[in-house]
Amino acid sequence: MFSYYVKLAYLSCKRTWGMTLLMVCAIGLGIGASMTTITVNYLMSANPIPHKSEQLFFVQMDSWQPNNPYNDDGDAPEQLTYRDATYLWQAQKAKRQSIQSGMSAVIEPADKEVLPFMVQGRANSADFFPMFDVPFLYGSGWDHQADLKKERVIVINAELNERLFGGKDSTGQTVRMAGEDYKVTGVMDRWNPKPRFYDISTGAFNDVEEVFVPFSLITEQKFSRSGNTNCWKPTESGFQAFLDSECIWVQLWVELPTEQDKDAYFSFMNAYAKEQHQYGRFARTDNNKLRDVMQWLENQQVVSDDASMMMAMSLMFLLVCLLNTVGLLLAKFLGKASEIGVRQALGASRNDLFIQHLIESGCIGLAGGLLGLILALLGLEAIKVMYGDWIRDLAQLDLTLVAMAIGLAIVSALLAGLYPTWRACQVQPSVQLKSQ
Amino acid sequence: MLELLARLELGPIFRALMRNKIGALLIALQIALTLTIMVNAIFMMQERSQQMARASGLDETNTFYLSNTVFAQDYNLKTALQQDLQRIRQTPGVVDAIQLNAIPLSGGGWSMSLQTKAGDDIEGTGSAVYMVDEHGINALGLELIAGENFQSSDIGWREIGSTKWPAKTIITKALAEAMFEGDWKSALGKTVYIDNHQPMQITGIINTLQAPWNGWNGVERSMLVPQQLDGKGSRFFIRTEPGRRDELMPVIEKMLAESDRGRIIRNVTSMEQTRDESYQEHQATNTILLTVIIVLTLITGFGIVGLAMFSINRRTRQIGTRRALGASQWQVMRYFMLENLLISFAGVILGAAGAVGLNIWLVSTFSMSPLSPVLLVIGVVALLIVGQLAVSYPALVASKISPATATRGRA
C-alpha cells in the first residue's frame, strides 16, 4: 500500500509541478536558513570539555575600586591582580589550580637559515595540562617544582614541533626563545576546544596557543605579556610596582571535584577577601564568584548577539515558508476534490485518504529537507568566507545536525500538511460525483 | 464616497473572501510575518551601515603600518627607532612616518580616563590614547582645527612600566565636547587631569580621530600625547603620496628587514584592510540580512501567485459567467487586484504590530535602538506593492477567460 501511495504522490506532484517546486523550494530555503544559524549557535554554545566542565571553576574576586563596580551590572571583574592570584595559587587549596596569562615572544630557530619568528603563547602553572586534559603527542607538561624554581621549560604544539624539529620527538631538546634556552618537556597533540573556554578574554573562538611556559617566569621580564590589563589606582613606575598594583590581568582556574570542595574553596576565597578588607582593600567582600565552565561561558555571553538574532530571524523565516506551504498544499488538495470523491465512492476510507495525503506532504517535506541540507552546506560555506577565519570550526555540520535538519524538514512538512489533509478528507463524495 | 466604494464592489469581494477564510488568512499571516522580519532586518542593516560610514579621521587610502619586534639582546632601541623613522621618511614617495602605540579601528589599544578636576573620586571621561611625535598629525592625516601641533622639544620617552604623562595633549573635538558641556572651543588651553592627579594642558584640538574599538560608544574620543614608547615591540605608521601605498609597502618592509637582523618586521597592513577586517562581521551580517529580505519577499510573492492561480482555476466558470453577464476584462482584473489589496491590508496592519513587537523584544534582549516609524511606513507600502505585482499576472490570466466558458461544462 505504501509504495502505491508514494506512486500516487509522485503522479500528483508531477501534475502540479510548478506548485510542488514552489513548496519544495520554500521548505528548502526555510530549512537551509534555519540550519545554518542553528549550527552556528549550537557550536558556539557547545560544552568544550563535557566530562569535567562541572568540576572546573573560574575564580573571580572583586578587588575593584570602592566607588564604581567593575561591571555595570555589579558583577566581579573577569581577572585578578597578580598579588591575589599568586596568593590563591600558592595556597594550593584546590585539587588543581592553573594561574595564567597570555604571552608572546620571538623564537630563533637553531637553523640560522630560517628567519626568527613570533609566537603567541600562554604563561601558566603546571596544573594547566592535567586540569584541562591536554593531549600530548610526546612527553608531558612540567611539574610543580619547575614552577617554583622558575625553570626554563616549554610545551610546544604539534605545528611548531613540525616547523622546528621536523615532527620528531623533541622532548629534552631546547628552543631558543626571547634570548634564552627552554627545554621542551612535551609536544601537544592537536587540541582546539571551541569555545576556547580557558581564556575567553582575548577571543572565545581563537586558536590554542603555540607555546606554553611557566607563569612564574613572568617576573623575569624576558618575554612580553599579552591580553587585557585594567587598572584603577595610580601606581608608581617600574615592573615591581606593577606586580604589586591593583591592576588586574591574571586568570585563575581551579579544579574542585565535589560540592564540598567547592564550598570549602569559596569560604577560603571569602575569608581572604575579608582579611584583605582589613588592610583597606576589597571594598565589596561578598562579591566573589566561583563559576563552572558552562556558567562562565553563559555569563560572558560567548554566543554572540548577532548569532542569536540571526537564529530568531531564520526561525521566523521558516515559519513564513511553512505558512506558504500550508496555503499551497491546501489549494492543491482541494483542487483534487473530485478525484478524492471518486476514490471515496470506490471504497477508500477516510483513514486511507488521510495516510495517502500525509505521505504526499511527507515526500514534499523530504525533498525540501534534502534541498535544505544542501542549502545549509552552501550557507555555512558562505559564512566561512564572509566572517573569516575564526568561525571555520563553528560552521561545520555533524551527524546530529544533519539528522536534525532532515527531521525538522519532515516534521515541518507534516505539520504543514496536517490541516490541508484534514480538509481534503472532509470532501463529500456525493457532491463531487453529482457535479461531474 | 460611498458610491465610489460601492462601484469598487468591495462588498461582494469581502463576502467571497469570507467563504475561503483560511486561504486569505494564510496569505495575510505570511504578509504580516514578512513585514515583521523585513522592517527589523532593514533597520539592523541601517544601524550597521551608519556605523561603517563614520570617518576614522585618517588618510585611510594612503596609509599603512607594520610591527617591529626586536629580539637581539644588546640593542639601542632609542637610536634604532630614530634611524628607522629617518630612513622611512627619506624614502621617495613617503609623506611622513611615526611610531604609534595603537592603530585606529584595529581593536587593540590604550585608554585612559580624563577628569576636569584632580582627585580620586571624580568621574572621568574615557579616551583612547595615541602616543605620537611632532609628525603625528601629518602622518595620520588629521585636521587640526584649533591650537597648535607639538614641537620636537615636547616629545619625551616613555620607559616600559612608566606611569608618568607629559604636560601637553591634543584632543578630538568629540572628547572636548564630552568634557566641556558641548563647547569644544572652550577646551583649548584648559588643564585636564589624567590618572586622577597628573595635569595636562590641552594645546590643540583635532576634528576627528577614532579610537581602536569600533563598538565602543566613545569611539570618537581620542587624545594625542607627545611621547615615544621605548620597548622591544613597536609599530610604525606610514603615509605615502596618493596612489603609491601598494608600491611602497614591500619596499619599506624589505628596507627595514635588511637594515638590521636583530628584529622582525611583520604584519605589514594597509589602513583599508584594517577597516575591512574591523567591520567584517558587520559587512557579513548585512549581506545575510539583505539575502533574507530578498528571498523572503520572493517566497511571499510566489506564494501569492500560486494561491491566486489556484483560486482563479477553481472559479473559471464563475468568471466566465460574470464576463457573459457584461463584466469587462478590466473589471475582472480589478476584482482580483482589490481582493489582494484587502488581504494585504489586513496583513500589513498585523505585520506593523508584529514589527514593533519584535523590535521591542530585540531592544530589550540585545543592545539595539528602537525602530523609526518612517521605515515601518516604507515597509508597509513596499509590501502592498509586492502584493499587487504578484497578483497582477494571475489577475491578467483571469481577465482573459472567455465569456463562452460559462456555457461549457466543467473541464
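Residues numbered from 1 in each chain as written. Chains lettered and ligands numbered in written order. Predicted model: local features only at pLDDT ≥ 70, side-chain atom pairs only at ≥ 80, totals over all residues.

A. Up close: the overall build of chain B. Within chain B, the regular secondary structure consists of twelve helices and twelve strands. Over its C-alpha atoms chain B spans a radius of gyration of 33 Å, topping by over 25% the 22 Å that the globule rule assigns to 411 residues. Projecting the C-alpha coordinates of chain B onto the three principal axes gives extents of approximately 105 × 50 × 30 Å. Out of the 411 residues in chain B, the part that is buried amounts to 37%. For chain B, long-range pairs separated by at least 24 residues make up 82% of all intrachain contacts whose partners lie at least 6 apart in sequence. (Helix = DSSP H or I, 4+ residues; strand = E, 2+ residues; numbered from the N terminus. Rg over C-alpha atoms; globule rule 2.2 N^0.38 Å. Buried ≥ 20, exposed ≤ 12 C-beta atoms within 10 Å, placed from the backbone. Contact = placed C-beta atoms within 7 Å.)

B. Representation of the overall build of chain A within the structure. Check the secondary structure of chain A and you find 14 helices and twelve strands. Over its C-alpha trace chain A gives a radius of gyration of 31 Å, far above what one expects of a compact globule, namely 22 Å for 436 residues. Principal-axis analysis of the C-alpha atoms places the extent of chain A at approximately 100 × 55 × 35 Å. Counting across all 436 residues of chain A, residues that qualify as buried make up 43%. When contacts within chain A are restricted to residue pairs at least 6 apart in sequence, long-range pairs at least 24 apart make up 77% of them.

C. The arrangement of the domain arrangement of chain A in detail. Residue and element names in this part refer to chain A. Along its sequence, chain A is carved into domain 1 (2-45 + 304-435) and domain 2 (56-299). Measuring from the centre of the C-alpha atoms in domain 1 to the corresponding centre in domain 2 gives 50 Å. If you look at the interface, domain 1 gives six residues, while domain 2 gives six residues. (Domains from an automatic or database assignment.)

D. Here's a closer look at the interface of chain A and chain B. Taken residue by residue, the interface counts 43 residues in chain A and 43 residues in chain B. Elements that contribute at least two residues to the side of chain A that touches chain B include exactly helix 2 (17-44), strand 4 (117-124), helix 7 (239-244), helix 10 (305-335) and helix 12 (350-387) of chain A. Looking at the side of chain A that touches chain B, the element that brings in the most residues is helix 10 of chain A, giving 18 residues. Looking at the side of chain A that touches chain B, its residues break down into 28 nonpolar, eleven polar and four charged. (Nonpolar A, V, L, I, M, F, W, Y, C, P; charged D, E, K, R; others polar.)

E. Local environment of the domain arrangement of chain B. With domains assigned, chain B is organised as domain 1 (2-53 + 280-407) and domain 2 (72-261). Measuring from the centre of the C-alpha atoms in domain 1 of chain B to the corresponding centre in domain 2 of chain B gives 55 Å.

F. Fine view of the nonpolar core. Residue and element names in this part refer to chain A. Core analysis: the largest hydrophobic core is formed by 216 residues, its most contacted members being Ile154, Leu252 and Phe317. At 18 residues, the largest contribution of residues to this core is made by helix 10. Apart from residues lying up to four places away in sequence, Ile154 is in contact with Val175, Tyr182, Lys183, Val184, Val211, Phe212 and Val213. (Core = buried A, V, L, I, M, F, W, Y, C linked by C-beta atoms within 7 Å.)

G. The environment of B:Asp59, seen in detail. With respect to the helices, strands and loops of the structure, B:Asp59 is situated in the loop between helix 3 (21-53) and strand 1 (63-70). Ignoring any residue separated from it by four or fewer positions in sequence, one finds B:Asp59 in contact with B:Gly141 and B:Arg239.

H. Spotlight on the confidence of the model for chain B. For chain B, mean pLDDT is 90; residues scoring 70 or higher make up 97% of the total. Reported confidence for the predicted complex is 0.82 by ipTM and 0.82 by pTM. (pLDDT = per-residue confidence, 0-100.)

I. Spotlight on the pairing of strand 11 (residues 248-255) of chain A. All names here are of chain A. Counting buried positions along strand 11 yields seven of eight residues, so the element is predominantly enclosed. Sheet analysis places strand 2 (residues 80-81) next to strand 11, joined by two bridges and oriented antiparallel. Counterpart to Leu80 in the pairing with strand 11 is Val250. Note: strand 3 (residues 96-107) against strand 11, five bridges, orientation antiparallel. Paired with Gln97 across the bridge in strand 11 is Val254. (Pairing = 2+ DSSP bridges.)

J. Region of interest: the packing of helix 10 of chain A against helix 13 (residues 399-425) of chain A. Residue and element names in this part refer to chain A. Relative orientation of the contacting elements helix 10 and helix 13 amounts to 30°, with a least axis distance of 8 Å. If you check the angle between helix 10 and helix 13, you find them roughly parallel. Here helix 10 runs over helix 13; the crossing is right-handed. For the pair formed by helix 10 and helix 13, the contact residues are Leu318, Leu322, Thr325, Val326, Leu329, Leu330, Phe333 and Leu334 on the first element and Ser412, Ala413, Ala416, Gly417, Tyr419, Pro420, Thr421, Arg423 and Ala424 on the second. Taken together, the residues of the contact of helix 10 with helix 13 sort by class into twelve nonpolar, four polar and one charged. (Axes fitted to C-alpha atoms, helices over the stretch in contact; angles between N-to-C directions. Parallel < 35°, antiparallel > 145°, perpendicular 65-115°, else oblique. Left-handed = near helix turned anticlockwise from the far one by under 90°.)

K. Summary view of the sheet that holds strand 1 of chain B. Residue and element names in this part refer to chain B. Taking strand neighbours across the sheet as the criterion, the four strands line up as 2-11-1-12 in an open arrangement whose pairing is antiparallel. This sheet does not close on itself; its edge strands, each paired only once, are strand 2 (94-99) and strand 12 (263-270). Direction aside, neighbouring strands of the sheet carry axes that sit 20° apart on average. Strand contacts of helix 7 (residues 245-259): strand 1, strand 2, strand 11 (233-240) and strand 12, with the helix running at about 170° to strand 12, the strand carrying the most contacts.

L. The pairing of strand 8 (residues 191-194) of chain B, seen in detail. All names here are of chain B. Of the two faces of strand 8, the one lined by Val192 and Ile194 is fully buried and the one lined by Thr191 and Tyr193 carries no buried residue. Direction of pairing for strand 8 relative to strand 9 (residues 198-206): antiparallel, over a ladder of four bridges. Note that in strand 9 the partner of Ile194 across the bridge is Gln198.

M. Region of interest: the environment of A:Lys150. Residue and element names in this part refer to chain A. Among the secondary structure elements, Lys150 is positioned in the loop between helix 5 (144-148) and strand 6 (153-157). C-beta crowding within 10 Å serves as the criterion here: with 14 such atoms nearby, Lys150 is assigned to the partly exposed category. Setting aside residues up to four positions removed in sequence, Lys150 forms contacts with Pro214, Ser216, Leu217 and Glu220.

N. Molecular detail of the packing of helix 3 of chain B against helix 12 (residues 373-399) of chain B. All names here are of chain B. Contact geometry of helix 3 with helix 12 gives a least axis separation of 10 Å together with a crossing angle of 135°. With respect to helix 12, the element helix 3 is oriented oblique. The chirality of how helix 3 crosses helix 12 is right-handed. Contacts between helix 3 and helix 12 involve Ile31, Thr34, Leu35, Met38, Val39, Ile42 and Phe43 on the former and, on the latter, Leu375, Leu376, Gly379, Val380, Leu383 and Gly387. The residue makeup of the contact of helix 3 with helix 12, split by class, is ten nonpolar, three polar and no charged.

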